[in-house]
Amino acid sequence: MADPWYVVGVLAVVLVITLALRAVPFAVLEPLAESRFVRAMAAWMPAGILLVLAAVTFRSSASAGHLLHAAVAAAVTAAVHLTCGRRTLLSVGAGTLVFVGLVNLP
Amino acid sequence: MTPEHASRRAEIAAGVQASLAAGLGMYPLGVAFGLLVVQAGLPWWMAPALSLAAFAGSLELLLVGLIAAATPVATIALATLVVNFRHVFYAFSFPLRVVRHPLARAYSVYALIDEAYAMTAVRPHGWTSWRLLAMQVSFQVYWVGGGLTGVALATALPGPIEGLEFALCALFITLTLDAARTRAQVPSLLLAGLAFSLAVVAFPDTALLAAMLLFVGALVLRFLLGRARG
């Protein structure tokens, strides 16, 4: 294991950068909250960012030869969500169960 | 119990409940992270230490390998900047305004992970300070707890159940479906789909960041074009 100062340095650098990336935008945007640009971005961004997050996590689950398994599980998740009253926990549970089942099939 | 206490309890309960679906994915991913820390030859306490310093799953998984290889701190700083840069966009709609206490605000910003943003992005209204913080603290408990479980498992069991991390993908699918209920969201979804496809082809190793930058760039363009047209 590397020397403790290296580890402390890494942890400090990671903490400061992560915190700054999360905090600085609030300070910058707060005075602009009423601007048309900020309001437009606040309205447009969430759906697209959620789609990107869904796509990226799908891609990582589908890697290592699990594309078909992930596609089936994603379809089950969406189907349960749309037909069973949009209960997130139920939809996520059903999709995850299907994926775990398919991946661990002998 | 005073009415104030009762409503606080109800808000905390609502926050914990809002955290459960994401927790289903975060906890097993935390276990995988803990296993990785031990397998990479790092001391066990690096799992909770990284989860407190970074509190960002994908970055932590990457850091394990970088630290084990004794990568220079400057390189690690650059990797952190690139991998976590997407968080700068979350301030556009995260309901931080409901949190009043300075310390609570600081924690809420510190714990603004993808999952916290995602939950509030779909339901932008109705958040209170207690509900939001209870959800974020729950997330960190799942993540740190998962990491510690992974560290313990690494020395005991053959391995955790494969595939549980799909819960995060399932969560983001349901949240996308919830966010996309009106036709007004169609342009954003199309632009995001396009951005992701381009990112996977052009920047396969940094697809998440590239997709978000392309998507936000497209939205800025959309705003400017809309304004030019009046």
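Calculation criteria
- Residues numbered from 1 in each chain as written.
- Chains lettered and ligands numbered in written order.
- Predicted model: local features only at pLDDT ≥ 70, side-chain atom pairs only at ≥ 80, totals over all residues.
- Helix = DSSP H or I, 4+ residues; strand = E, 2+ residues; numbered from the N terminus.
- Rg over C-alpha atoms; globule rule 2.2 N^0.38 Å.
- Buried ≥ 20, exposed ≤ 12 C-beta atoms within 10 Å, placed from the backbone.
- Contact = placed C-beta atoms within 7 Å.
- Axes fitted to C-alpha atoms, helices over the stretch in contact; angles between N-to-C directions.
- Parallel < 35°, antiparallel > 145°, perpendicular 65-115°, else oblique.
- Left-handed = near helix turned anticlockwise from the far one by under 90°.
- Nonpolar A, V, L, I, M, F, W, Y, C, P; charged D, E, K, R; others polar.
- Domains from an automatic or database assignment.
- Expected span 1.5 Å × (residues − 1).
- Core = buried A, V, L, I, M, F, W, Y, C linked by C-beta atoms within 7 Å.

K.L.:
Just give me the short version of the overall build of chain A, but keep the residues and values in it.
P.N.:
From N to C terminus, chain A includes four helices and zero strands. Scaling as 2.2 N^0.38, a compact globule of 106 residues should have a C-alpha radius of gyration of about 13 Å, whereas chain A reaches 20 Å, well beyond that. Viewed in the frame of its principal axes, chain A has a C-alpha envelope of about 50 × 50 × 20 Å. Each of the 106 residues in chain A was classed as buried or not, and the buried ones make up 38%. Considering only residue pairs separated by 6 or more positions, chain A has 34% of its internal contacts joining residues 24 or more positions apart.

K.L.:
Which residues make up the overall build of chain B, and what values do they have?
P.N.:
Within chain B, the secondary structure is distributed over 10 helices and zero strands. Reading the helices (α) and strands (β) of chain B from amino to carboxyl end gives α-α-α-α-α-α-α-α-α-α. In terms of overall size, chain B behaves like a compact globule, its C-alpha atoms giving a radius of gyration of 19 Å where 230 residues would be expected to give roughly 17 Å. Projected onto the principal axes, the alpha-carbon positions of chain B cover approximately 65 × 60 × 35 Å. When burial is assessed residue by residue, chain B has 48% of its 230 residues classed as buried. Counting only contacts in chain B whose residues sit at least 6 apart along the sequence, the fraction spanning at least 24 positions is 77%.

K.L.:
Tell me about the packing of helix 5 (residues 102-110) of chain B against helix 7 (residues 129-156) of chain B, and please be specific about residues and values.
P.N.:
Between two packed helices, what matters for the description is the angle formed by their axes and the separation of those axes. Residue and element names in this part refer to chain B. Running from N to C, helix 5 and helix 7 point in directions that differ by 45°, and their axes come no closer than 10 Å. Between helix 5 and helix 7, the angle falls in the class oblique. Between helix 5 and helix 7 the crossing geometry is left-handed. Together, Ala-104, Tyr-107 and Ser-108 of helix 5 and Ser-129, Leu-132, Leu-133 and Gln-136 of helix 7 make up the contact between the two elements. Per-class residue counts for the contact of helix 5 with helix 7 are four nonpolar, three polar and no charged.

K.L.:
Can you lay out the domain arrangement of chain A for me, pointing to particular residues and giving the numbers?
P.N.:
Domain boundaries assigned for chain A yield domain 1 (1-32) and domain 2 (45-106). Relative to domain 2 of chain A, the C-alpha centre of domain 1 of chain A lies at a distance of 32 Å.

K.L.:
Help me get a handle on helix 2 (residues 36-62) of chain A, residues and values and all.
P.N.:
Three- or four-residue spacings in an α-helix give side chains the same orientation, since the helix completes a turn every 3.6 residues. The first and last C-alpha atoms of helix 2 of chain A sit 39 Å apart over 27 residues, in line with the 39 Å expected at 1.5 Å per residue. The first or second residue beyond helix 2 of chain A is Ala-64 of chain A, which carries a positive phi of 60°.

K.L.:
Provide a residue-level description of the interface of chain B and chain A, including the pertinent values.
P.N.:
Taken together, the contacts link 67 residues of chain B with 58 residues of chain A. In terms of residue count, helix 8 (residues 166-179) of chain B provides more of the side of chain B that touches chain A than any other element does, 14 residues in total. In terms of residue class, the side of chain B that touches chain A is built from 53 nonpolar, 10 polar and four charged.

K.L.:
How would you summarise the domain arrangement of chain B if you had to cite specific residues and measurements?
P.N.:
Residues and elements named next belong to chain B. Under the domain assignment, chain B is made up of domain 1 (3-164) and domain 2 (180-230). Measuring from the centre of the C-alpha atoms in domain 1 to the corresponding centre in domain 2 gives 26 Å. Each partner contributes residues to the interface: domain 1 has five residues there, and domain 2 has five residues. Of the residues in the side of domain 1 that touches domain 2, the class split is four nonpolar, no polar and one charged.

K.L.:
Provide a residue-level description of the nonpolar core, including the pertinent values.
P.N.:
If you look at the biggest cluster of nonpolar residues, it comprises 106 residues, and the most contacted ones within it are Leu-50 and Val-52 of chain A together with Phe-172, Ala-195, Ala-211 and Phe-215 of chain B. Setting aside residues no more than four positions away along its own chain, Leu-50 of chain A makes contact with Ala-118, Ala-121, Phe-172, Leu-175, Thr-176 and Ala-179 of chain B.

K.L.:
Go over the packing of helix 4 (residues 88-103) of chain A against helix 8 of chain B with me, naming the residues and quoting the values.
P.N.:
Relative orientation of the contacting elements helix 4 of chain A and helix 8 of chain B amounts to 140°, with a least axis distance of 8 Å. Taken as axis vectors, helix 4 of chain A and helix 8 of chain B run oblique relative to one another. With respect to the hand of their crossing, helix 4 of chain A and helix 8 of chain B are arranged in right-handed fashion. Residue-level inspection shows Thr-88, Ser-91, Val-92, Gly-95, Thr-96 and Phe-99 of chain A of helix 4 of chain A in contact with helix 8 of chain B, the latter providing Phe-166, Ala-167, Ala-170, Leu-171 and Thr-174 of chain B. Taken together, the residues that form the contact of helix 4 of chain A with helix 8 of chain B break down as six nonpolar, five polar and no charged.

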